[in-house]
Each structure stands twice: as structure tokens, then as C-alpha cells.
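Breakdown of the fold
Each chain, letter by letter, is given below.
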Amino acid sequence: MALVPFPGPQSGALKKIDDDEPEDQEVGGRMSFLEHLEELRKRIIYACYGIVVGICVSFLFIQQIYDFLTGPAVATLPPGSKIIYTQPTEAFSLYINISLIAGIVIASPFIMYQVWMFIAPGLYSNEKKFVIPFVVFSTGGFLLGAAFNHYVAYPFIMIYFASFNTPNLSYMPQLSEVFGLYIKMLVGLGVIFQMPTIVFFLAKVGVVTARFLAAQFKYAVLIIFIVAAVVTPTGDPMTLMVFAMPMVGLYILSIFVAWIFGKKPAKAAA
């Protein structure tokens, strides 16, 4: 506790304040709109620096990355089929896009750190300690979504599309279309796999509970299928299921996350 001058009916009146009260709890509220824009601009610039470094690193291994990304599509081609490109600059543009996306993935921990640094001024001091879990869980969730897309979802979809190949109907997918579908599914599943991370932080601050999530399960399944129908890049039922089923599984996982890490109810006084 400390004593500070306080205007009152008597000269020299003092007021007690709590030294333990964190002064930075309202920092976000004291920032002006222009200061928020300046902070956002700074974080975007830093994130772009990280992406440039990631692009430079990825370009050194561009052929290996290209073979890795196109591997699932090539492996699902029927005998005699191959991926084609019809525009002179299509293959070159693909290499540039691959280096850009790989650079973003490489820089993703640094990007998520910049996101945290932008929202941190508006948090209480006891909430700012979650910076490391936020960066680790958000990056890990995106990488898990990317891995699920590369090894499970994308090969399954490509096998399904290639099954329509017949002696009179040759399946020769175009390079840009194949890679475009891969990227759309990669981004979609990477965002979907952030669900446990979001629930973790909402449960830590007491916004949601495991009981609430479990009670809303049937409504959540309905919303999940609606969202999957909207974000599905192709619109066919098989791709919709590929997006919807992981979301249902992640929602169930999020219930356990909220139960384990959520705020515990205060014990009743004896």
C-alpha cells in the first residue's frame, strides 16, 4: 500500500492505493485509435520481414518442396496420366507461389508472435503470460492441419477425382488447378485445426466451459456442416465430409481441452 496526495476538505489529505494493482491492466484502453493503427502497421511490417526471410530460405530448396507438395497428386494419377500445364508461364509462376507459401509456413511462429504482440496491450498482466502457449499451440495447430491435408485429406480427394478416369475419358489434371486445390485445402484445414487452441484460451479466461460445449454439441454439428459446405473448395459431398469430420473430432477434443485447462469452480466456503 502507498499514500498519495488526495484533494479533500482538509489540507494534506492522503489516499491509500494498492501497489499490487497492475498498472498495465488498462493499457489497451488508454491507446488512441491512431496508436492502434501505428502498432498494427509495425507488426505487419515485422511479419513481412519474417516472410521475406522464409521465402529466401525456401527458394534454396524449391525443387525438393515442389516434389513434396505435388507428390500426393502424382501418386494418385492413373497409369498413363500426367499433370500438364497449358500456359507458358504457368510452371514458373507455380515455383514462385510455392516459395511464397513455404516462406509463410517457415515464418509462421514469428507471424503468430507478432499477432500476439498486437493484442497483448489490451490484456491483463496475468493473461500476457500465455504468449508462449499461444505461439506454440497456434503454430502447431496449423502444422497439424497441413499434415492432415497432405497425408490424408488431399490424397483421398485426388483418388476420388481420379476414379472417374475411363478408357474413353483421360484424367490429366492441370498444374495450376491441382496446386490451387492443394492450397485451398491446406489453408482451410490449417484454420480448422486452430479450434482446440481457441477453446484453450477461452476456457482459461472462463468464457466457455466443458459443460457448455457438451450441451451445445448437436447445434455445433449442424453449424460445422454448414461451415464445411461454405469453405469446401470444390462443393462436392466427399470434400464436404473431409472438412466436416475433422471439425467434429476437433470439437470433441475441445471439450476435453476445456475440461482439463478451464477455470475450476470455486470451492464452497465451509
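Scroll up to find the structure this text is about.
Residues numbered from 1 in each chain as written. Predicted model: local features only at pLDDT ≥ 70, side-chain atom pairs only at ≥ 80, totals over all residues. Heavy atoms only, no water.

Judged by nonpolar contacts, the single largest core of 47 residues is most densely connected at Ile98, Tyr154, Met158, Met185, Ile192 and Tyr251. If you list the elements that add at least two residues to this core, you get α3 (62-75), α4 (90-106), α6 (131-162), α7 (175-192), α8 (195-204), α9 (210-215), α10 (217-231) and α11 (237-261). (Core = buried A, V, L, I, M, F, W, Y, C linked by side-chain atoms within 4.5 Å. Buried < 20%, exposed > 50% of the residue type's maximum accessible area, 1.4 Å probe, protein only. Helix = DSSP H or I, 4+ residues; strand = E, 2+ residues; numbered from the N terminus.)

Inspection of the entire model under this criterion finds three salt bridges. Residues arginine 41 and glutamate 38 are paired through a salt bridge, measuring 2.7 Å at the closest nitrogen-oxygen approach. Note that arginine 41 and glutamate 38 are positioned in helix α2 (residues 33-59) at a spacing of three residues, about one turn of the helix. Relative accessible area serves as the criterion here: at 41%, glutamate 38 is assigned to the partly exposed category. The network of salt bridges with common partners includes Glu39, Lys42 and Arg43. (Salt bridge = Lys/Arg side-chain N within 4 Å of Asp/Glu carboxyl O.)

Take the packing of α8 against α11 next. Running from N to C, α8 and α11 cross one another at 25°; their axes reach a closest spacing of 9 Å. Our classification of the angle between α8 and α11 gives roughly parallel. Two packed elements cross with a definite hand, and for α8 against α11 that hand is right-handed. Facing α8, whose interface residues are Met195, Pro196, Val199, Phe200, Ala203 and Lys204, α11 presents Met247, Leu250, Tyr251, Leu253, Ser254, Val257, Ala258 and Phe261. Its residues assigned to classes, the contact of α8 with α11 comprises 12 nonpolar, one polar and one charged. (Axes fitted to C-alpha atoms, helices over the stretch in contact; angles between N-to-C directions. Parallel < 35°, antiparallel > 145°, perpendicular 65-115°, else oblique. Left-handed = near helix turned anticlockwise from the far one by under 90°. Contact = heavy atoms within 4.5 Å. Nonpolar A, V, L, I, M, F, W, Y, C, P; charged D, E, K, R; others polar.)

It is at 9 Å that the axes of helix α5 (residues 108-119) and α6 come closest, and there the two elements cross at 135°. Considering the angle they form, α5 stands oblique to α6. In the crossing of α5 with α6, the sense of the turn from one axis to the other is right-handed. Counting all contacts with α5, which are made through Ser108, Pro109, Met112, Tyr113, Val115 and Trp116, the residues of α6 involved are Val131, Phe134, Val135, Ser138 and Thr139.

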